[in-house]
Protein chains: 2
Amino acid sequence: MQISKVKKLFPLVTVDVALFTVVDGGLRVLIVRRENDPAPDKWALPGGILKPDVDKCLDDTAMRVLSSKVAVDVRHLEQVTTVSGAERDPRGWSISTAYYALLAGELVPAVAGASVKAIDWCDPTDLQDRLAFDHEFLLNAALTRLRAKVRQGALPLHLLSQKFTLTDLQRACEAVLGTRLDKGAFRRLIKDEPSLCLLPGEYLRGPQRPAQLFQAATGFQF
Amino acid sequence: MQISKVKKLFPLVTVDVALFTVVDGGLRVLIVRRENDPAPDKWALPGGILKPDVDKCLDDTAMRVLSSKVAVDVRHLEQVTTVSGAERDPRGWSISTAYYALLAGELVPAVAGASVKAIDWCDPTDLQDRLAFDHEFLLNAALTRLRAKVRQGALPLHLLSQKFTLTDLQRACEAVLGTRLDKGAFRRLIKDEPSLCLLPGEYLRGPQRPAQLFQAATGFQF
DNA sequence: TCAATAGTGTCTCTTAGACAATATTGA
DNA sequence: TCAATATTGTCTAAGAGACACTATTGA
């Protein structure tokens, strides 16, 4: 059986990941500059090819892709959608499952690893056709999904450092949603949230009233 | 290149579809009794293998699967999730993208076609381990997605015949959600819904006050 | 007239949004 | 004391839920 024949019978199976973090109060997504074919020198979401002999499932593929780009551990990974077709990748009939992942804001030491010329943390709402393939569509799908979840009341604690104030949390939600939130209303909403764990006696101090510190409750799931 | 080698490098790519309809005011999903390996004689969601030479994308695969089971045209198809792994299908490393589809209530002339011994329209909330593979998981994911959409205010007009009354629509929403809705509140919600098109002078008559008929507005998208 | 369902109105309670007031620190 | 931010409180308008009322037909 020839390779060309195989390529007609089996699609290329890949994974692409939108890794979000918060920098200076703004949401950012990791993009990489491709070294190899196809689309060399073009920007894209970090992605990789499924290795059935290595990956237990596609989630593993996504984790493997991320760990080759980012030194620190990613705290949340969630599947968004699957795109497919003969035209979307010049290598032939392909399938790509898109994920999004969340990274704590301070830790952005991403590295340009193998087959990547450069990286950038860019504003996901302002990409101006920088992305190759259908990655702009995938990124928009990921952002829409993330926003829907936060709008429904999910708390993006994975975007924060381990200990955080309620203002930190509000800023993270605002960064995700792209809108300002009212302080009073926000605090009413999260007042009885079981996923928030108040740290008694621990405060963030500064030239103002100290702010109560919180951490995610054990077993917290975004 | 041997087939066994190919199977280790390329996953099996399939599609499974949860086709919903409403019968006697209750939500139903189509399940089929498998004829062939794997899992012969077991019930499952209708599914099929991707044919890259035939299908333009996975949505096409899903449509092809449905058209082999159901004689009439399916009015809505939406992707739910993608599952993957070496264990979920005995044939080896596999990927399956799950969809749900909606069918107008009266039209349930599904046929037991090729490689299917029998069909059944069963209550999706009461399946008692009838389904093979991980199809119960896929069905639950599909139902959850459908319910979320209706709860957010989407109107499942695709479950209704072309002309319908507001009571018909309320019954369909109730069937999807599995709860009773208040008539007054429901009508308040849909009062200014642009996807509903009142048919002037057209009424459903019976031994009671006639009911105004509606149809989906042109360009309606669920 | 009656049964049956269509369609509308009303009341209350909750909540979101806007905004104000108070609290507590470092400088 | 003052600037700055944390935290809490208040007012209002809009909406959800429950329930009742009126409308219109066939039998």
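It should be emphasised that the depicted structure is a prediction, and the values quoted were computed from it without experimental measurement.

(A) Inspection of the protein's contact with DNA strand D at higher detail. Residues in close proximity to DNA strand D total 19 residues, the closest being K183(A), Q212(A), R188(B), Q208(B) and R209(B). Expressed as a percentage, the sugar and phosphate content of the atoms of DNA strand D within 4 Å of the protein is 54%. Contact between DNA strand D and Q212(A): a phosphate oxygen at 2.7 Å from a main-chain N or O atom of the residue. Elements supplying a minimum of two residues to the surface near DNA strand D: α5 (183-190) and β9 (208-216) of chain A together with α5 (183-190), β8 (196-206) and β9 (208-216) of chain B. No other element matches β9(A), which puts 5 residues into the surface near DNA strand D. For the surface near DNA strand D, a count of residues per class yields 5 nonpolar, 6 polar and 8 charged.

(B) Representation of the interface of chain A and chain B. With 26 residues of chain A in contact, the opposing surface of chain B contributes 25 residues. Summed over the shared surface of chain A and chain B, the number is 0 salt bridges. Linking chain A with chain B are 9 residue pairs in polar contact (both at pLDDT 80 or more). Contributing elements (two or more residues each) for the side of chain A that touches chain B: α1 (3-9), β5 (76-85) and β6 (94-102) of chain A. Of the residues forming the side of chain A that touches chain B, the biggest block, 5 residues, is contributed by β5(A). Considering only residue class, the side of chain A that touches chain B consists of 14 nonpolar, 7 polar and 5 charged.

(C) Structural context of the relation of the copies chain A and chain B. Of the transformation placing chain A onto chain B, the axial shift is 0.0 Å and the rotation is 180 degrees, giving an RMSD of 0.0 Å. The symmetry that links the two subunits is that of a two-fold axis. A high fraction, 96%, of the interface residues of chain A reappear at the interface in chain B, so the copies pair face to face through one surface.

(D) Up close: the protein's contact with DNA strand C. The full set close to DNA strand C counts 20 residues, and R188(A), Q208(A), R209(A), K183(B) and Q212(B) are the nearest of them. The sugar-phosphate portion of DNA strand C accounts for 54% of its atoms within 4 Å of the protein, the bases making up the rest. P210(B) is positioned with one of its backbone polar atoms (N or O) 3.4 Å from a sugar or linking oxygen of DNA strand C. Q212(B) places a main-chain nitrogen or oxygen 2.7 Å from a phosphate oxygen of DNA strand C. Every element with two or more residues in the surface near DNA strand C is listed here: α5, β8 (196-206) and β9 of chain A together with α5 and β9 of chain B.

(E) Examining the packing of aromatic side chains more closely. For the coordinates displayed, the defined rule picks out 3 aromatic pairs over all chains. Over the aromatic face of W43(A) sits the side chain of R130(A), whose NZ or CZ is 4.9 Å from the ring centroid.

(F) Structural detail: the domain arrangement of chain A. Residues and elements named next belong to chain A. When the domains of chain A are assigned, the result is domain 1 (12-151) and domain 2 (161-216). In this complex, domain 1 contributes 11 residues to the contact, which on the side of domain 2 involves 6 residues. Buried area between domain 1 and domain 2, summed over both chains or domains, comes out near 720 Å², and the portion from carbon and sulfur atoms is 69%. Across the contact surface, domain 1 and domain 2 share 0 salt bridges. If you look at where domain 1 meets domain 2, you find 1 residue pair in polar contact (both at pLDDT 80 or more). Counting residues per element, the ones that place at least two in the side of domain 1 that touches domain 2 are β2 (26-34) and α3 (135-151). Among the elements that line the side of domain 1 that touches domain 2, the one with the most residues is α3, at 5 residues. Here the residues of the side of domain 1 that touches domain 2 are counted per class, giving 6 nonpolar, 2 polar and 3 charged.

Conventions adopted
Residues numbered from 1 in each chain as written. Chains lettered and ligands numbered in written order. Predicted model: local features only at pLDDT ≥ 70, side-chain atom pairs only at ≥ 80, totals over all residues. Heavy atoms only, no water. Near = heavy atom within 4 Å. Polar contact = N/O pair within 3.5 Å; in protein donor to acceptor, adjacent residues only side chain to side chain. Helix = DSSP H or I, 4+ residues; strand = E, 2+ residues; numbered from the N terminus. Nonpolar A, V, L, I, M, F, W, Y, C, P; charged D, E, K, R; others polar. Contact = heavy atoms within 4.5 Å. Salt bridge = Lys/Arg side-chain N within 4 Å of Asp/Glu carboxyl O. Least-squares fit on C-alpha atoms with pLDDT ≥ 70 in both. Phe/Tyr/Trp six-rings, centres within 6.5 Å; stacked < 30°, edge-to-face > 60°. Lys NZ or Arg CZ within 6 Å of the ring centre and 35° of its normal. Domains from an automatic or database assignment. Buried area = accessible area lost by both parts, 1.4 Å probe.

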